[in-house]
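Chain by chain, the residues run as shown.
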Amino acid sequence: MRGLAPVRELAEDPHRTPIEELFSHFASSPRGLTAVEAEERLRHDGPNVLTEARPPSLVGRLGRHVGHRFALLLWAGAALALLSGHFSPTRGWT
């Protein structure tokens, strides 16, 4: 059983790299990995799965909506409308 090959950078674009160099780089062959090599890589690197992203919390979503630039502009407009209603010339300064 051979050890895992050290990872090295490919010299050029992987899509233009000759297939023999790719097989050498990834320590593979046209027939694929042997069962022993696949088991060793699974043990070393873990399963080939993506972790599911955690959904954002309700508080975080609400904060992003309330703190958005356009929402802040609307909040400022609402505050000005409230102030202008309170200090309208017809009502006087109460």
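The paragraphs below set out a description of the structure included in this document. Everything numeric here is computed off the predicted structure, so don't read it as measured data. (Residues numbered from 1 in each chain as written. Predicted model: local features only at pLDDT ≥ 70, side-chain atom pairs only at ≥ 80, totals over all residues. Heavy atoms only, no water.)

For the rest of this paragraph, the subject is a nonpolar patch on the surface. A cluster of nonpolar side chains, contributed by L62, V66, L72 and W75, occupies part of the molecular surface with about 420 Å² of accessible area. Looking at the nonpolar patch, the elements with two or more residues in it are α3 (58-66) and α4 (69-86). With respect to the helices and strands, the residue L62 is situated in helix α3. Look at L62 and you get exposed, because its relative accessible area is 55%. (Patch = residues over 30% accessible without salt bridge, like charges linked within 9 Å, V, L, I, M, F, W, Y side chains within 5 Å. Areas by Shrake-Rupley, 256 points an atom, 1.4 Å probe, with all protein chains shown as cover. Salt bridge = Lys/Arg side-chain N within 4 Å of Asp/Glu carboxyl O. Helix = DSSP H or I, 4+ residues; strand = E, 2+ residues; numbered from the N terminus. Buried < 20%, exposed > 50% of the residue type's maximum accessible area, 1.4 Å probe, protein only.)

A separate point is unusual backbone geometry. Non-glycine residue A27 carries a positive phi angle of around 50 degrees. Structurally, A27 is set in the loop between α1 (19-25) and α2 (35-45).

On to the pattern of salt bridges. What the rule picks out here adds up to 2 salt bridges. The closest approach of N and O atoms between E39 and R43, which form a salt bridge, is 3.5 Å. On the criterion of helical spacing, the pair formed by E39 and R43 is a turn pair, its members being 4 residues apart in helix α2. We classify R43 as exposed; its relative accessible area is 56%.

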